Amino acid sequence: MSRPSRLSFALFLCVALLTGPAAFADSDAQPARDSKQPIDEAYTAKIQKYTTAPYFSSPLVDYLPASKNVPTPDVVLGDIAGAPGILPYAEDVYKYMRLLEKATARVKVFSIGTTEEGREMIAVAVSSESNLKNLEQNHQRLAKLADPRTIQLNDAEADKLVAESVPVYYITGTIHSTETGAPTALMELAYRLAVDDSPYIRDIRDNVITLITPVVEVDGRDREVDIYKWHLAHPKEFYPPLIYWGKYVVHDNNRDAMAVTLKLTENVLNTYVGWDAQVLHDLHESVPYLYDNTVGDGPYNAWVDPILVDEWQMIGARNVADMTKFGMPGVFTHGDFDTWSPGYLMFIAAMHNGISRLYETFGNDGADTRERTLEPDEYARTWYRANPPLPKALWSQRNNNNYEETGLLTSLHYFSDNRRMFLKNFYLKSKRSIEKPSTEGPAAYVLPSDDPRPTVQADLLRIMLKQHVEISRATSAFLVALPAKKEKKPKPGDAEEKPKPPAPTSRSFPAGSYVIRMDQPYSRVADALLDYQYWSPDDPQKTPYDDTAWTFGELFGVQITRVTDTKVLNIPMERITELPAIGGVQGEGALFAIDNHAEPALATLRYRLKSASIDAAEEPFQVADHKFNRGTFLIRSVNRSDLDAAAKSLGLRVVALSAAPNVKTHPVRAPRILYVHTWISTQSEGWWRLALDNLQIPYDYTSTQAIAKIPDLHAKYDVILFPPVGWNSSPTTIIDGLSTSWGNPLPWLNTPETPNLVGKNDSTPDMRPGLGWEGVAKLQEFVAKGGVLLTSTDTSQFALAIGLGNGVTATHSDKMKIVGAIVGTRLVDPASPIAYGYDEKVSAYCDNDPIFSVNSMLWSRRRHLAGDSTTRPTGRGTKDDPDYVVGRTTPEIPEQPEHEQWEVPIPTDEQLDNNPRVIPPADRARIVLRYADSKDLLISGLVENGGEIAQHPAVVDVPSGNGHVVLFSLNPIYRGETENTYSLVLNTLLNFDSLNAGRKNEDK
Ligand SMILES: [Zn+2]
């Protein structure tokens, strides 16, 4: 071996310099205070006082550096962050952040939008003076890394940008309002990052822009603080549960990152994308003491880049390692959260080429210091939790703040040390998203311009635009090659199957069709939302954390084609940033027709054109070339220009007719709606309210408690909507509520103590009482007099339990496992007005919904399986011969009526004989929709043992007295994602007084 030449030695030196500690390896800054910087003695003493044990803290947060000019959180809180008894309103948190901004050039506050109730949301940037001074230049560099098309996907150019750029680490707090610690932790974190001169913190300040939204659910935060103040004023009493958070949804606000229906999602998404941030780290509190669920558990979302999976592992493992070295118990990163659904707020980052992170820390739902006893599975030592939480400990909000801040500071430091790798990864993930068509496919998704449901298609596309997905429109018709379908090899025994016609090899699309190209930076989010999901019943993960499917084309009921043919990218098209206007009146005539394709906008139109006369066609009809569906709107007594304006704003296409079609019709009226909620939970109903409000359908919103007090429900209302309650609410829970014979009243009222509770929602002096038996009687009377009651899932079971819904029963199966999946359903009675506009196959969201069965008799026993009675006994002859009795002729076997699983069985003559339990034909259940056959049930997600619900009724219209009960086994309105099934509800509303249209009764 020869000695290295001088030249190679010089090269070696260069390499060593480039790869030395300053460039890539960890900095040697220790997580400890700078002994030269004075500390705030009083504040530090309180940190120690409120921390319940030394191991619940770390060298990063067990002191507060002093500053002459920068105020500590004490100026706003009147105490330190995490002090017992103190929960600031969002306004106070903002006030502090703006004081910081005034005091130091290292903090800048940005307004990022408002909530549904008009409260402000903010983002606070903390970094060095020079980083904040050069924000704009830095952002221009980050934007290029975020969209590598701007640098022609040039890696060398990217490396230059990476070397010059400062990454953005975005932290969001308290989306879940009962998880209360984050705002004070983030106030103090901002102070530390701005003030602390220790090398460890300086590293972060100089190398990272920390962006903080201290309160995500601002409306809910203010309610939570109210409740907590009420609790402090009434320390011995139970305090009211936080029944409303934001205006619409509760805990599900963290499941909105797909459909982006809530302002908080939209504001965080726009901030994340607008800053071209690298991380979105969302703070929660439901697991002791710090579960960094970044690693979580499988199955992982199948659309994320493997680079991200690697980042999750690195960051999660390092986070646990750092905090373990501090001696903090109960820090772990693997756990029971699976990373499948992209619905969580943090997943905005995973779907937009960043890094999603989530902490579950430990909180007390308020700022009381309490002794907390854990469940054995929470304190068990496991392979991934070598230093588990303690079985029992005194826990304070300060402990919570110590954990949150320590976790964040170690993460930020790790990120600062490895910023070049993470920035390069950010670029690579963006680049690989752009290269998707050629490397992994598909090339594009295409939505045809002739979709029969253009308004729903537009709603779906608007979600894509909110997700910052680029949409193009083809300027001419085009053809794409379809992937060759593999023929299934015939199995021995099914040789007789007829040869199938060859599968089409191409598909043409008309001009104006929408193309979502996959060669764009945010192709992954579009791909994930539009694709299909398959969750294997054999997956080792037996308890999916959330929904297993979300395929938007199916849930919205619009046509979407996944195109792998890369030639699609070369067709002439132009990028659009807003959707073209569609709709308006065409043709001449005084009668106006709108074809019915179950578009929710039809209901909006009915309410908007108050004085117009609108009829629904009870049969399909044709005028010239135009075929109109059943349920087509025929509109009279309306000014053409008014109709045109309304139709244009809603995107509805109206055809003027010169003569009325020869078809039976009935009026379509805008019913007066009573909308009922409980004081048990508003989670599920909130999504219904949001949908109705977006559709501008008015309703009176009231609780079960108030029903008994309304003198005559039917005089005041045409339809009562009772959306699902959730929380496994049984009929008894709905009727009884909570006992008033113990405890104290739980008020939900605006008072000087609780000024924010009610908002525009409901109020009550006591949340405990339920519907009560008087309320039950009122509902029964309402239906008997001719009202329509619409229920879904658990409220359907409630309606059945109170004797509404003759001949329908509902059961649950222990074997069946349909977890937030998309299933096939089939129209049974297309003549029912509830089915207007639907095709035979309807995709629907299903979550282990109740299994309906129908009968023509009350209290009948379960019918024997047909198989038993139709097989012949052992005897002479072949299997198909009739049985044979020696010594007499073989009698003709009388035919027994047969029926399908979803059909109401026709009673036999034997059953009809002297039987008052037989329901008269006109009073029997009318099946509108049923679940598909077992083999067709699974469309997307997890369906296991689906045979239990296959073929059973899914939507049933039961005449009751002079009215109707419309029972949904499934939940048709959910998370803004299920627009395909909205019109089953809306049709019920609009045809409330003609639900029997098209009904055929049996003779017996
Ligand atoms: Zn949470």
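Residues numbered from 1 in each chain as written. Predicted model: local features only at pLDDT ≥ 70, side-chain atom pairs only at ≥ 80, totals over all residues. Heavy atoms only, no water.

**Thoughts on the coordination of the zinc ion**
Stage number 1. Within the protein, the zinc ion binds to His176 (ND1), Glu179 (OE), Glu179 (OE) and His284 (ND1); these donor distances fall in the range 2.1 to 2.4 Å.
Stage number 2. Taken together, the four donor atoms surrounding the zinc ion define angles of 55 to 150 degrees at the centre, an arrangement classified as irregular.
Stage number 3. Each donor residue of the zinc ion lies on the same chain, and together they follow the pattern H-x2-E-x104-H. Separated by 108 residues along the polypeptide, histidine 176 in the loop between strand S3 (168-172) and helix H8 (182-195) and histidine 284 in strand S5 (residues 279-285) bring together distant segments of the chain. Neither histidine 176 nor histidine 284 differs from the other in exposure class; each is buried. (Donors = N, O, S within 2.8 Å, 3.2 Å for Na, K, Ca; no water. Tetrahedral: all angles 85-135°; square planar, octahedral: opposite > 155°, others 65-115°. Helix = DSSP H or I, 4+ residues; strand = E, 2+ residues; numbered from the N terminus. Buried < 20%, exposed > 50% of the residue type's maximum accessible area, 1.4 Å probe, protein only.)

**Quick look at the sheet that holds strand S11 (residues 444-447)**
Strand pairing in a sheet takes place through backbone hydrogen bonds and is either antiparallel or parallel in direction.
Stage number 1. Reading across from one edge, S16-S11-S15-S12-S17 is the order of the five strands in this open sheet, with antiparallel pairing throughout. Edge strands, defined here as strands with exactly one partner in the open sheet, are strand S16 (561-563) and strand S17 (573-576). Each neighbouring strand pair of the sheet contributes to a mean axis angle of 30 degrees, computed without reference to strand direction.
Stage number 2. Here S11 runs beside strand S15 (residues 514-517); their pairing, made up of four bridges, is antiparallel. Bridging across to S15, tyrosine 445 finds its partner in isoleucine 516. (Pairing = 2+ DSSP bridges. Axes fitted to C-alpha atoms, helices over the stretch in contact; angles between N-to-C directions.)

**Overview of the nonpolar core**
Stage number 1. In terms of nonpolar packing, the biggest core is built from 159 residues, with Met97, Leu145, Tyr403, Met464, Ile516 and Phe552 touching the most fellow members.
Stage number 2. Here the element with the most residues in this core is H8; it accounts for nine residues.
Stage number 3. For methionine 464, the residues in contact, after removing those within four places along its chain, are Val469, Ile471, Ile516, Ala526, Leu529, Leu530 and Phe552.
Stage number 4. Within the second largest apolar cluster, 85 residues are counted, among which are Ile243, Ala603, Ile614 and Ala844. (Core = buried A, V, L, I, M, F, W, Y, C linked by side-chain atoms within 4.5 Å. Contact = heavy atoms within 4.5 Å.)

**Some details on the pattern of salt bridges**
Stage number 1. Taken as a whole and judged by the stated rule, the model has 49 salt bridges.
Stage number 2. As a salt-bridge pair, arginine 872 and aspartate 883 come within 3.4 Å of each other at their nearest N and O atoms. Of this pair, arginine 872 sits in the loop between helix H29 (866-870) and helix H30 (909-912) while aspartate 883 sits in the loop between H29 and H30, and the two are eleven residues apart along the sequence.
Stage number 3. Assessed through its relative accessible area of 22%, arginine 872 is described here as partly exposed.
Stage number 4. Here arginine 930 makes a salt bridge to aspartate 933, at a shortest N to O gap of 3.0 Å.
Stage number 5. Each member of the salt-bridge network shares a partner with another, and the members are Glu117, Arg119, Asp219, Asp222 and Arg223. (Salt bridge = Lys/Arg side-chain N within 4 Å of Asp/Glu carboxyl O.)

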